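Close look at the chain arrangement
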Amino acid sequence: MLTYIVLLGPPGVGKGTQSKFIASELSLPHISTGDIFRANIKQGNELGKLADSFISKGQLVPDDVTIALLRERFTQPDCKNGAILDGFPRTPAQADALQILLNSFGGKVNLVLFITAPTESLIERLAGRWSCRAQGHIFHERFNPPKVKGICDIDGSELYQRDDDKAETVLNRIQIYKKQTAPLIEYYTERRLLIEINGIEPIESVSMQVRSVVKKALSSSHG
Ligand code: AP5
């Protein structure tokens, strides 16, 4: 049975954190377009250079590039049962492309988790975020600190702070989210796929909400 869950919400709300939990619980790949772009930036290839020219300013990478990237990712064997999509789609054009792509192999979006939190919390979360170099595991210096400062608990790799988490870039990312991504709230509400998650609570409480919503939605969606 194919399962596709989309995580929608502003920068820093906890999409990556919750995606990792759901992916591990449902044994599905966690696909973060942001992580894929960052891996390409690290490699210094053409895609990385192009993506960096947008990401460093807090802007979205153009739709055609991002859609082609996702299409390619879906051809990989780990996607055979579906995926948890973190940060894709981010525009109505991406959402339309996703629907066409999934339809082409008999899939559909089963659920959209829309996580919310006030802007002050987003800024605080991004300013204190540390991510691991190897696999993108996510920590926070106050809300989810690693056992050893600067080292990932899970794979022992170095933790780093993202360049696009600088205060001025964060504000731009939030503006871009409001303009270009927030229309997806209505898009998926109209399709009766969107469920709002209160992301202001601690990570464990948000996970409990998410777990219960996912269980209920998948049992009715897969019938
Ligand atoms: P991307 O990497 O997707 O960034 P984002 O959407 O801005 O989201 P973040 O990764 O910053 O935050 P998150 O919601 O995942 O929060 P997290 O769980 O880490 O994209 C980066 C860039 O790539 C974009 O700006 C764009 O340029 C480009 N891009 C990517 N996808 C694209 C697309 N589809 N189209 C075009 N361009 C694209 O949590 C944040 C922090 O808070 C962590 O430290 C965490 O530990 C902590 N935390 C999490 N939950 C809680 C909680 N409940 N309480 C307290 N702390 C918490």
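Residues numbered from 1 in each chain as written. Predicted model: local features only at pLDDT ≥ 70, side-chain atom pairs only at ≥ 80, totals over all residues. Heavy atoms only, no water.

Observations regarding the overall build of the chain
Let me state the cut-off plainly: The helix count covers DSSP runs of H or I at least four residues long, the strand count covers runs of E at least two residues long, and both are numbered beginning at the N terminus. Our radius of gyration is a C-alpha quantity, and the globule rule it is checked against amounts to 2.2 Å times the number of residues to the power 0.38. Any residue under 20% of the maximum accessible area for its type is buried, any over 50% is exposed, and the rest in between are partly exposed; the area is computed with a 1.4 Å probe on protein chains only. Contacts were defined at the residue level, with two residues in contact if any of their heavy atoms lie within 4.5 Å. Areas reported as accessible are Shrake-Rupley estimates using a 1.4 Å probe. Residue values count occlusion only from the protein chains shown.
Tallying secondary structure elements over the chain gives nine helices and eight strands in all. Against the globule reference of 17 Å for 223 residues, the chain gives a C-alpha radius of gyration of 17 Å, in line with a compact fold. Dimensions of the chain, computed from the C-alpha atoms along their principal axes, are close to 45 × 40 × 35 Å. Among the 223 residues that make up the chain, the fraction classed as buried is 48%. In the chain, 72% of the contacts between residues at least 6 apart in sequence involve partners at least 24 apart. Carbon and sulfur atoms provide 55% of the accessible area of the chain, an area that totals close to 11,400 Å².

Some thoughts on the nonpolar core
Quick reminder of the rule: Throughout this description, the term nonpolar core refers to a set of buried Ala, Val, Leu, Ile, Met, Phe, Trp, Tyr and Cys residues connected via side-chain atoms within 4.5 Å.
In terms of nonpolar packing, the biggest core is built from 25 residues, with L70, F74, L85, L98, V109, V112 and Y188 touching the most fellow members. Those elements giving two or more residues to this core turn out to be strand 1 (3-8), helix 4 (63-74), strand 3 (82-86), helix 5 (92-104), strand 4 (111-116) and helix 8 (183-190). Here this core gets five residues from one element, more than from any other, and that element is helix 5. Counting residues in each nonpolar core, the second largest holds 22 residues, with I5, L113, V206 and A217 among its members.

Focus on the environment of L111
Considering the arrangement of structural elements, one finds L111 in strand 4. In this structure, the C-alpha to C-alpha distance between L111 and I200, residues 89 residues apart in sequence, is 21 Å. Sequence-distant contacts of L111, defined by excluding residues within four places in its chain, comprise Y4, I5, V6, L193, I195, V213, V214 and A217.

Description of the sheet that holds strand 4
Just so we agree on the cut-off: The criterion for strand pairing is that DSSP finds at least two bridges linking the strands in question. Axis geometry follows a simple rule: fit a line to the C-alpha atoms, using only the stretch in contact for helices, then measure angles between N-to-C directions, giving values from 0 to 180 degrees.
Strand order across the open sheet formed by five strands is 2-3-1-4-8, with parallel pairing between neighbours. Every other strand in the sheet has two partners, leaving strand 2 (30-32) and strand 8 (194-198) as the edge strands with one partner each. Strand-to-strand, the axes of this sheet are offset by a mean angle of 25 degrees, without reference to chain direction. Summarising the sheet, strand 1 and strand 3 pair through five bridges and their orientation is parallel.

A closer look at the pairing of strand 4
Across the six residues that make up strand 4, a large majority, six, are buried. Burial along strand 4 is two-sided: the residues L111, L113 and I115 and V112, F114 and T116 are all buried. With four bridges connecting them, strand 1 and strand 4 associate as parallel partners. When the sheet's bridge partners are listed, L8 is paired in strand 4 with F114.

Re the pattern of salt bridges
To be explicit about the condition: The rule for a salt bridge is simple: a side-chain nitrogen of Lys or Arg has to be within 4 Å of a carboxyl oxygen of Asp or Glu.
Enumeration over the complete set of coordinates arrives at eleven salt bridges. Of the charged contacts, one joins R129 and D165 as a salt bridge, the two residues approaching to 3.0 Å between their closest N and O atoms. Pair noted here: R129 is in strand 5 (residues 129-132) and D165 is in the loop between strand 7 (159-160) and helix 7 (167-181), with a separation of 36 residues, a long-range link. For the salt bridge of D164 with R173, the shortest nitrogen-to-oxygen distance reads 3.7 Å. Through salt bridges with shared partners, a single ionic network connects R129, R162, D164, D165 and R173.

Thoughts on the side chain of T66
This is how the line gets drawn: We define a polar contact as two N or O atoms separated by no more than 3.5 Å, with the added condition that, inside protein, one atom must be a possible hydrogen donor and the other a possible acceptor, whereas residues neighbouring each other in sequence contribute only through side-chain atom pairs.
Mapping T66 onto the fold places it in helix 4. From its side chain, T66 meets the backbone oxygen of V61 in a polar contact 3.4 Å long. Setting aside chain neighbours within four positions, we find T66 in contact with T33, F37, V61, F88 and Q94.

A word on the site of the ligand
As a reminder of what qualifies: Nearness of a residue to a molecule or strand requires only that one of the residue's heavy atoms be within 4 Å of it.
Taken together, 36 residues sit near the ligand, with T17, Q59, R90, R129 and R173 positioned nearest. In the environment of the ligand, an oxygen atom lies 2.9 Å from a nitrogen or oxygen atom belonging to the backbone of G12. In the model, a nitrogen atom of the ligand is placed 2.8 Å from a nitrogen or oxygen of the E201 main chain. In isolation the ligand exposes 1,000 Å². Once the protein is present, 98% of that is buried. For the shell around the ligand, the elements supplying multiple residues, two or more each, are helix 1 (15-26), helix 2 (33-43), helix 6 (119-127), strand 6 (138-140) and helix 9 (203-221). The element contributing the most residues to the shell around the ligand is helix 2, with four residues.

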